[in-house]
Amino acid sequence: EVAHYGEYGVWFDGNSTGNAVIRTFVHDGGAGGIRVGRGKPLPDEPLDGRSGNTLIDESTIVLGSHVFREGNGVLLQKTSGNELAHSEVAFFNAVGVNVGWTWDYEPSEANHNYIHDNHVHHLGNGDLSDLAAIYLLGISPGTVVEHNLIHDTLAFTQYAHGIYLDQAASDILVTMNIAYNTLAASLYQHFGRDNNVTNNIFAYAEGGYGTVWQDADPSFGPSNMTFTHNIVFMDERAGAVFECPYLGNGTFASNVYFNASGPLSATFPSPVRGSCHWSLAEWQATGQDAGSISAAPLFADPSVYNFSLAPTSPALALGIK
């Protein structure tokens, strides 16, 4: 147990590698929970001397940000080869899990980080803005975000996403996650390249920001992603499938879109760059979202967030797992 601390409960820094935090209760902190690496290298620190290859497993990391409100539950900065698994990260006023520390397409020291099978929830808590349950930055080959349960992000004013691929986040696989009750997009890519978003459930986004959003900034270079075999489930809280301005590029296919509160809104990207007023059929006529449908996915009971699929779900026929 690590408790009642001033900044981060555990920090691996300065050529500290091969460490493990297992079945540890980290709580009641002034800032964040567990930190690996740093934003700037130590003097004369070699590139191969960075902290990394850390395992955080079966741990509970909760209730921070008491003094330094920007503290993250788990902060992996310029560090690679880390694994966060089977853990709960919750009740921080900023980001739950933060991976990467490079804001442009320059080479990044954060790669091959594996974030899986975690429960990440109740972030932001109405205190800060521009945050997410899982937040990634920079070129990150080999980084995988999968099998995480994400919910209840709340910003002070705006932008409390579920999974946030922020500036230059690239070469990342996002798969088999469930994200719901987010005060902004369930999935937001600011700008990045070659991210693969597949076999996820994005549900109950609210705040009028849409459920999927890619706000690429052309001044930073090209941006794209692949978005396939996902379920986008909405009600009156979101209204829009895509948030505008939608300025990104990508390949969309074999998705299920459904609005439980009425007809699917005509908010798919349209010819005027940045606008979103096409129907799904008009969007598909351009070659996008081939095989995608608007149909009830037949969740077991979405009112209590049971998103298990019935054997007759049309999502299964599309190859959604």
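Structure: above.
Residues numbered from 1 in each chain as written. Predicted model: local features only at pLDDT ≥ 70, side-chain atom pairs only at ≥ 80, totals over all residues. Heavy atoms only, no water.

Trainee: Explain the pattern of salt bridges here, please?
Mentor: Side chains that differ in sign of charge can pair as their charged atoms come close. Scanning all chains against the criterion turns up 6 salt bridges. With a closest N to O distance of 3.5 Å, Arg50 and Glu109 form a salt bridge. Of the two residues, Arg50 is situated in the loop between strand 5 (34–36) and strand 6 (55–57) and Glu109 in the loop between strand 11 (97–99) and strand 12 (114–116); the sequence distance between them amounts to 59 residues. You can call Glu109 partly exposed: its relative accessible area is 24%. Asp235 is the partner of Arg237 in a salt bridge, and the nearest nitrogen-oxygen pair spans 2.9 Å. One connected set of salt bridges, linked through shared partners, spans Arg50, Lys78 and Glu109. (Salt bridge = Lys/Arg side-chain N within 4 Å of Asp/Glu carboxyl O. Helix = DSSP H or I, 4+ residues; strand = E, 2+ residues; numbered from the N terminus. Buried < 20%, exposed > 50% of the residue type's maximum accessible area, 1.4 Å probe, protein only.)

Trainee: I keep staring at the nonpolar core and nothing clicks. Help me out?
Mentor: Nonpolar side chains in soluble globular proteins tend to be buried together. Leu136, Phe227, Phe242 and Tyr257 are the most contacted members of the largest nonpolar core, which has 50 residues in total. At 3 residues, the largest contribution of residues to this core is made by strand 14 (residues 131–136). The contacts of Phe242, once residues within four sequence positions are left out, are Gly210, Val212, Phe252, Tyr257, Thr267, Phe268, Pro269 and Cys276. Among the nonpolar cores identified, the runner-up in size contains 14 residues, and Leu131, Ala155, Ala160 and Tyr188 belong to it. (Core = buried A, V, L, I, M, F, W, Y, C linked by side-chain atoms within 4.5 Å. Contact = heavy atoms within 4.5 Å.)

Trainee: What's the story with the sheet that holds strand 30 (residues 293–294) in this structure? I'm lost.
Mentor: The pairing of strands in a sheet comes from backbone hydrogen bonds and takes either a parallel or an antiparallel form. Pairing is parallel in the open sheet, where 11 strands are placed in the order 1-4-7-10-13-16-19-22-25-27-30. Edge strands, defined here as strands with exactly one partner in the open sheet, are strand 1 (2–5) and strand 30. The pairing of strand 22 (residues 201–205) with strand 25 (residues 231–234) spans 3 bridges and is classified as parallel. Along strand 25, the bridge assignment pairs Ile201 with Ile231. (Pairing = 2+ DSSP bridges.)

Trainee: So what exactly am I meant to see when it comes to the side chain of Asp127 here?
Mentor: Its location among the elements puts Asp127 in the loop between strand 13 (119–123) and strand 14. Of note is the side chain of Asp127, whose polar atom sits 3.0 Å from the side chain of Asn93. In contact with Asp127, other than residues within four places in its own chain, are Arg69, Asn93, Leu154 and Phe156. (Polar contact = N/O pair within 3.5 Å; in protein donor to acceptor, adjacent residues only side chain to side chain.)

Trainee: I keep staring at the side chain of Asn148 and nothing clicks. Help me out?
Mentor: Inspection of the secondary structure puts Asn148 in the loop between strand 15 (139–146) and strand 16 (149–153). A polar atom in the side chain of Asn148 sits 3.0 Å from the backbone oxygen of Glu146. Contacts of Asn148, omitting those with residues within four sequence positions, involve Ile115, His116, Asp117, Asn118, Ile134, Met176, Asn177 and Ile178.

Trainee: Please clarify how the packing of aromatic side chains should be interpreted in this entry.
Mentor: One pair of aromatic rings is described through two measures. These are the centre distance and the angle between the planes. Inspection of the entire model under this criterion finds 25 aromatic pairs. For the ring pair Tyr135 and Tyr164, a centre distance of 4.9 Å and an interplane angle of 85 degrees mean the geometry is edge-to-face. Placement of Tyr135 in strand 14 and of Tyr164 in strand 17 (residues 160–165) is noted, with a sequence separation of 29 residues between them. Look at Tyr135 and you get buried, because its relative accessible area is 9%. Using a relative accessible area of 3% as the deciding quantity, one classes Tyr164 as buried. Pairing Tyr204 with Tyr305 gives two aromatic rings, centres 6.1 Å apart and planes at 80 degrees, and the pair type is edge-to-face. (Phe/Tyr/Trp six-rings, centres within 6.5 Å; stacked < 30°, edge-to-face > 60°.)

Trainee: When you look at the state of the cysteines in this model, what are you seeing that I'm missing?
Mentor: Note on terminology: a disulfide is the covalent bond linking the sulfur atoms of two cysteines. The full count for this structure, using the stated rule, is 1 disulfide. Between Cys244 and Cys276 runs a disulfide, and the two sulfur atoms are separated by 2.0 Å. Taking the torsion about the sulfur-sulfur bond, which here is approximately 125 degrees, the covalent link between Cys244 and Cys276 counts as right-handed. Of this pair, Cys244 sits in the loop between strand 25 and strand 26 (249–253) while Cys276 sits in strand 29 (residues 276–278), placing them 32 residues apart in sequence. (Disulfide = S-S within 2.5 Å.)

Trainee: Sorry, what's going on with unusual backbone geometry here?
Mentor: Trans is the prevailing form of peptide bonds, just as negative phi is the prevailing case for residues other than glycine. Residue Pro245 is reached from Cys244 by a cis peptide bond, and omega for that bond is 10 degrees. Of note, His112 is a non-glycine position whose phi angle comes to about 50 degrees, a positive value. Note on placement: His112 falls in the loop between strand 11 and strand 12. With a phi angle near 65 degrees, Tyr305 is a residue other than glycine that sits in the positive phi range. For Tyr305, the position within the fold is in the loop between strand 31 (299–301) and strand 32 (306–309).

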